[in-house]
Amino acid sequence: MADITRRLFLRHLRGAPTAYVRHVVRGRVRHEGVGTSFWYRPLHAVLSEVPVDDRELPLLFHARTADFADVTVQATVTYRMSDPALAASRLDFSIDPLRGGWRGQPLDQVATLLAELAQQPALDLLARVPLTEALAGIATVREAVATALAGDQRLTEIGASVVSSRVVAIRPEPEVERALQTPTREAVQQEADRATYARRAVAVEQERAIAENELQNKIELARREQQLVEQRGANDRRAAELESAAKLVTSQGQTDRARLAAESERAREQARADGVRAVGLASAEAETARLAAYRDVPESVLYALALEKLAGQLPQIGELTITPDVVTKLVGRLSNGAA
């Protein structure tokens, strides 16, 4: 929009660098150009402003394919007014000399024309191909739209030109799109399932390897424990053997000591027996010799010796009573002995 300033009964217009402005007074062009500025009288001036910058026109339209499937085409057309003087003469780009706004909607007319020109080749092309080919033929549709817009005479007559055209997407109805996505979704799901199964298989294999390692560790521990038990048994057996040997040695020592003691005792007993025997023999020999000495002694003498010995062995006698009978017998025996 042009920048208009008021000074008394005059107006000053300052254009933009992307806008073409034409000033006409009584059918004659007084000022025109891009980025121009000038003074004018609003009661006599006819002003037109044509944008010359690139403009984006988004398009969204429906089409039907050869197999009667409805699709939605999303496209974008970039255009510009390449001949603003011609455009100002063919379309109503006039602006209010007091406020600077457009009196009409000239760009809407350009947009409508571009939309119709872009939709027609796309509709014709999509009507000749099935749905699957249409969904995959975005590049073909884009080329058809670009070719149709580049060679259209009506755009040239209004001073417009297409800079570029793009087809963003071609989409079917939601139900059809979900149905078409089902094989791909199933394939992706199958691939995901295969990956899951492969991951599970790897996990199972790893768990099996871990279980085998644990089992091997348990077997090794059991084997070492068996070796430890056997070694402990061997140690205990060796300790028992050593203890038995020590006890045997001790027992043999005790037996030897007892045997030696018994032998010593027997020797001592034998020595005592020999001594007793020798003493007995000596006593017997002495008694024999004594008896042999008494063998020739008279009986009276023997009685006298016996009485003497008896008197020596008798206890102390306080009183002794001698009866006549005893004296008679003794005197008789003594007399007989003397005879």
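Residues numbered from 1 in each chain as written. Predicted model: local features only at pLDDT ≥ 70, side-chain atom pairs only at ≥ 80, totals over all residues. Heavy atoms only, no water.

Visitor: Teacher, can you tell me more about the pairing of strand β4 (residues 28-34) here?
Guide: The two faces of a sheet get side chains in turn, since along a regular strand they alternate between them. Taken together, the six bridges between strand β3 (residues 19-25) and β4 define a ladder with antiparallel strand orientation. Bridge assignment links Tyr20 to a residue of β4, and that residue is Val34. Between the end of β3 and the start of β4, which pair antiparallel, lie two residues, with Arg26 showing a positive phi angle near 55 degrees. (Pairing = 2+ DSSP bridges. Helix = DSSP H or I, 4+ residues; strand = E, 2+ residues; numbered from the N terminus.)

Visitor: Looking at this structure, how should I read empty space enclosed by the protein?
Guide: A water-sized probe rolled over the atoms picks out the places where empty space is left. Following the criterion strictly, the structure yields one cavity of 30 Å³ or more and no others. Within this model, the largest cavity holds a volume of roughly 60 Å³. Looking at the largest cavity, the residues that line it are Leu59, Phe61, Val73, Ala75, Thr76, Val77, Ala118, Arg142, Val145, Ser165, Arg166 and Val167. Mapped onto the lining of the largest cavity, the elements with two or more residues apiece are β7 (55-64), β8 (70-81), α4 (138-150) and β10 (160-172). Take the lining of the largest cavity: its biggest share by element is four residues, from β8. Here the lining of the largest cavity is composed, by residue class, of eight nonpolar, two polar and two charged. (1 Å grid on protein atoms, 1.4 Å probe; cavity = no way out; pocket = protein on both sides within 12 Å on 5 of 7 lines; lining within 4 Å. Points joined across faces, edges and corners; volume = space filled by probe spheres on them. Nonpolar A, V, L, I, M, F, W, Y, C, P; charged D, E, K, R; others polar.)

Visitor: Got a minute to help me understand the sheet that holds strand β6 (residues 45-51) in this structure?
Guide: In any sheet, the strands associate via hydrogen bonds between backbone groups, in a parallel or an antiparallel arrangement. Reading across from one edge, β4-β3-β6-β9 is the order of the four strands in this open sheet, with antiparallel pairing throughout. The open sheet terminates on both sides in strands that have one partner only, identified here as β4 and β9 (94-95). In this sheet, β9 lies alongside β6 in antiparallel orientation, the contact comprising two bridges. Across the sheet, residue Ser48 finds its bridge partner in β9, namely Ser94.

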